[in-house]
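Observations on the three-dimensional arrangement
This is what each chain is made of:
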Amino acid sequence: MALTSKQQEQAMAHLDQHFRDNRLCYVCGKNQWIIHPQLYELMKLPLGGADPERSLIPLLVIECADCGHTISFNAKKAGLLSKSGIGG
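Here the structure is a predicted model, which means the values were calculated and not measured. (Residues numbered from 1 in each chain as written. Predicted model: local features only at pLDDT ≥ 70, side-chain atom pairs only at ≥ 80, totals over all residues. Heavy atoms only, no water.)

**Quick look at the side chain of His36**
In this structure, His36 sits in strand β1 (residues 33–43). If near-sequence neighbours (up to four positions away) are discounted, His36 is found in contact with Leu3, Val61 and Glu63. (Helix = DSSP H or I, 4+ residues; strand = E, 2+ residues; numbered from the N terminus. Contact = heavy atoms within 4.5 Å.)

**Some words on the pattern of salt bridges**
Applying the stated criterion to the full structure yields two salt bridges. For Asp66, the salt bridge goes to Lys30, with nearest N and O atoms at 3.5 Å. A residue pair is termed long-range when its members are at least 10 positions apart, and Asp66 in the loop between β2 (56–64) and β3 (70–74) and Lys30 in the loop between α1 (5–18) and β1 qualify at 36 residues. Taking relative accessible area as the criterion, Asp66 reaches 42% and is therefore assigned partly exposed. (Salt bridge = Lys/Arg side-chain N within 4 Å of Asp/Glu carboxyl O. Buried < 20%, exposed > 50% of the residue type's maximum accessible area, 1.4 Å probe, protein only.)

**Some remarks on the state of the cysteines**
Within this structure, the stated rule accounts for zero disulfides. Unpaired in terms of disulfides, Cys28 finds its nearest cysteine sulfur in Cys64, a separation of 3.6 Å. Unpaired in terms of disulfides, Cys67 finds its nearest cysteine sulfur in Cys25, a separation of 3.7 Å. Residue Cys67 is classed as partly exposed on the basis of its relative accessible area of 36%. (Disulfide = S-S within 2.5 Å.)

**Topic: the nonpolar core**
Counting residues in hydrophobic clusters, the biggest one holds 16 residues, and the most contacted among them are Trp33, Leu39, Leu60, Ile62, Phe73 and Leu80. Elements supplying a minimum of two residues to this core: α1, β1, β2 and β3. At three residues, the largest contribution of residues to this core is made by β2. (Core = buried A, V, L, I, M, F, W, Y, C linked by side-chain atoms within 4.5 Å.)

**Points about the environment of Val61**
When you line up the elements, Val61 lands in strand β2. Separated by twelve residues in the primary sequence, Val61 and Phe73 place their C-alpha atoms 6.6 Å from one another. Residues contacting Val61, with those up to four places away along its chain left out, are Ile34, Ile35, His36, Tyr40, Thr70, Ile71 and Ser72.

Just distances and angles here, no functional claims.
Below, the structure is given as C-alpha cells:
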C-alpha cells in the first residue's frame, strides 16, 4: 500500500516523537534515513499447516541510505491505518 502525502507527514511526525534522541544508524553511525513510500506486512509463520487467522502486522519501513540497515515501526501505532485497515 503506497503512502499518501498525509500519511507520509504522519510517519515523519511519529518518527520525530519516538525516534528522536539518537537517530544515528546502529550499524554505520550515519543519520541518513529513508522512509519507504509504501507499507509492508509481517505475517505470522504458519507452523503445521495453513493459518486460518492469517495474523499480520502492518509495518512502516525505515532504511539507512548509507548501509541499508532497516528498522520498522507498527503502522497502526504510527497512526497510518484506520481501524478498518485502510488509510490514516
